[in-house]
Amino acid sequence: MINGAFPILSLTILLPVLGAIAIGVTRNVNLAKKIALSIAGLELIATLVVVWLFDAAKGNNFQLVEQHAWIPSLNIEFLIGIDGISILFLPMSALLTLVAIIASWNSVQNLTRFHFALLLALEGGTMGVFVAMDLMLFFLFWELILPPIFFLIGLWGAGPQRRGAAMKYMLYMLFSGVLLLFAFVMLAMNHATQMGGSIPQDLSFSFPVLLNTTIPDNIQTIVFLLLTVGFAVKIPLVPFHTWLPTTAVEAPTQLTALLVGLKLGAFGILRFAMPLTPNASVKYAWVLSIVGAITLIYAAMIALQQTNLRRLLAYASISHVGLVIIGIATLNIQGVQGAIFQLLNFSLIASCLMLIAGFIQHRIGSTEVTHLGGLAKVMPRLTSFFFLFAVASIGMPGTSGFAAELLLIISAINTHPGLGAAALLGAILGAVYMLSFIRRAFFGPVVHAHLNQVQDLRSREFGLLCIPALLVIFWGFFPDLLLDINKMAAESWLNRLVH
């Protein structure tokens, strides 16, 4: 571990929280909006500084580490740090939050201050999830992101069943949390047993310490199952996926963009589930790959039947993350790097597609295909952005989606012909449902006369989509800039499992 001279990672966690508190004490709505925008901008700058300080040549080591006693009686610490796997998720999360704040600038009319405060609180908790190196600290941040999401869905949801969707989400996540907590406690108690000491003096929740702790195979199997299922609920994988389509229709689009963009569950499998249980991960990787393949194909088949754009994008997100899980389960370098790359793509592509769906919802009042048609004629700028992100999501060459999807497909083919066939079928189905919906909703004659009065993207909306669009194209031509950052960490991750 490499300690940092300045607590920059603590700053990335505290800055949004302080911004949320500042919004809470002000009474001026316009000032609250400006505070939210300023804090989100400063947070993005802070995360870019973290990337600049990060040494990719030592990416397999935790860097900028901060370690302080938190609950000494249980050996629980405030322990945070970054490595090549987690580093790029920080600026992606900050950028996504900034975009969400700008997108909701004028769309939130009630409890405005509370809304922006919750977005910042959610950002602070998300940063904590990515940098936490103590399992109980990770669990704390994991649970702290639930209340903001619950209130954002229930208070500002777009659908009539938003409160039910909020409760459904919360129940799923609480179930997930119980499994994770049980697994973390088992790991800590096993450490105490291996040390030959007593509880609680020899407990340890430190991730680096547990990586070097001997874990019997029977305990590994149980912990692997608990962690995998717990994170699978959050991802979500089949059969735990039903909360996401419901949330996509009922929740505010800026929140849905965050949920489809920030795949914290897949990150949890990469960060904790497999490295902590290497023997069980190798033994049951085939199970994980089958679940990923089922999720990939099943969600794509359901997406083919969707007539609502927001629900289609939710199932598309589920399908794509199935391919990510296949890549992780292949246990080769192409799969691991492709999975990380694709998760970063979610932060841009899936989120921006959902935001554009929100723009359509706000203007027309619906995202049902029967209410659309000919949008390209009345909203050419919106259509151009949607088409760019859509073709990136299906892996069009020249976009960042191509490099990530190609790595994942290669990893699947190299592992097993059946997995390769599933990956290729998923890619084909993805192109079919996405291009088919685009044809029906955006091209052809204008079906409804009132669409001629619909306004195209405003300057603010156009500007906030430009940066993600440029990044999608830039990474499409220069994917090595991202792959080089996580190469050392990916190789170290892989060596722990297969050697």
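Residues numbered from 1 in each chain as written. Predicted model: local features only at pLDDT ≥ 70, side-chain atom pairs only at ≥ 80, totals over all residues. Heavy atoms only, no water.

Novice: Before we move on, can you summarise the environment of alanine 32 with the specific residues and values?
Specialist: With respect to the helices, strands and loops of the structure, alanine 32 is situated in helix H2 (residues 29-53). Taking the relative accessible area as the measure of exposure, alanine 32 reaches 1% and is therefore buried. Beyond its immediate stretch of four places on either side in the chain, alanine 32 contacts Ile23, Thr26 and Arg113. (Helix = DSSP H or I, 4+ residues; strand = E, 2+ residues; numbered from the N terminus. Buried < 20%, exposed > 50% of the residue type's maximum accessible area, 1.4 Å probe, protein only. Contact = heavy atoms within 4.5 Å.)

Novice: Report on the packing of helix H5 (residues 135-144) against helix H7 (residues 162-194), specifying residues and quantitative values.
Specialist: Between H5 and H7, whose axes approach to 10 Å, the crossing angle comes to 175°. In terms of orientation, H5 lies roughly antiparallel with respect to H7. On H7, the residues that touch Leu135, Met136, Phe138, Phe139, Trp142 and Glu143 of H5 are Met173, Leu174, Ser176, Gly177, Leu180, Leu181, Phe184 and Leu187. Of the residues assigned to the contact of H5 with H7, the class counts are 11 nonpolar, two polar and one charged. (Axes fitted to C-alpha atoms, helices over the stretch in contact; angles between N-to-C directions. Parallel < 35°, antiparallel > 145°, perpendicular 65-115°, else oblique. Nonpolar A, V, L, I, M, F, W, Y, C, P; charged D, E, K, R; others polar.)

Novice: Give me the layout of surface pockets: which residues, what numbers.
Specialist: One number sums up the size of the largest pocket: a volume of about 440 Å³. Forming the boundary of the largest pocket are 24 residues, of which Ser107, Val108, Thr253, Gln254 and His362 lie nearest the centre. If you list the elements that add at least two residues to the lining of the largest pocket, you get helix H6 (146-156), helix H11 (253-261), helix H16 (333-364) and helix H21 (459-477). Here the lining of the largest pocket gets six residues from one element, more than from any other, and that element is H16. Residue composition of the lining of the largest pocket, grouped by class: eight nonpolar, 11 polar and five charged. Each pocket or cavity is described by its volume, and for the second largest pocket that value is around 310 Å³. Taken together, 16 residues form the lining of the second largest pocket, with Asn60, Phe62, Phe207, Leu211 and Ser492 sitting closest to its centre. Those elements that provide at least two residues to the lining of the second largest pocket are helix H8 (207-211), helix H12 (264-276) and helix H22 (480-498). Considering each element in turn, the lining of the second largest pocket owes the most residues, four residues, to H22. (1 Å grid on protein atoms, 1.4 Å probe; cavity = no way out; pocket = protein on both sides within 12 Å on 5 of 7 lines; lining within 4 Å. Points joined across faces, edges and corners; volume = space filled by probe spheres on them.)

Novice: Residues and numbers for the pairing of strand S1 (residues 63-71), please.
Specialist: Pairing of S1 with strand S2 (residues 76-82), which is carried by six bridges, proceeds in the antiparallel orientation. From the neighbouring strand, glutamate 66 faces S2, where its bridge partner is isoleucine 80. Where S1 folds back on S2, the antiparallel hairpin that results is connected by four residues, among which asparagine 75 adopts a positive phi of roughly 55°. (Pairing = 2+ DSSP bridges.)

Novice: Mind laying out unusual backbone geometry, listing which residues take part and the relevant values?
Specialist: A cis amide bond links isoleucine 235 with the next residue in sequence, proline 236, at an omega value of -5°. Mapped onto the secondary structure, proline 236 falls in the loop between helix H9 (217-234) and helix H10 (243-250). Residues other than glycine seldom take positive phi values, yet leucine 64 does so here, at roughly 55°. Its identity as a non-glycine residue notwithstanding, leucine 111 has a phi of 50°, on the positive side.

Novice: Describe the packing of H16 against helix H19 (residues 400-415), with residues and values.
Specialist: Between H16 and H19, the shortest axis-to-axis distance is 8 Å and the interhelical angle comes to 150°. Judged on the interaxial angle alone, H19 and H16 are roughly antiparallel. Crossing handedness for the pair H16 and H19: left-handed. Seen from H16, the contacting residues are Gln334, Gly335, Gln337, Gly338, Ala339, Phe341, Gln342, Asn345 and Ile349; seen from H19, they are Ser400, Gly401, Ala403, Ala404, Glu405, Leu407, Leu408, Ile410 and Ser411. Residues that form the contact of H16 with H19 fall into these classes: eight nonpolar, nine polar and one charged. (Left-handed = near helix turned anticlockwise from the far one by under 90°.)

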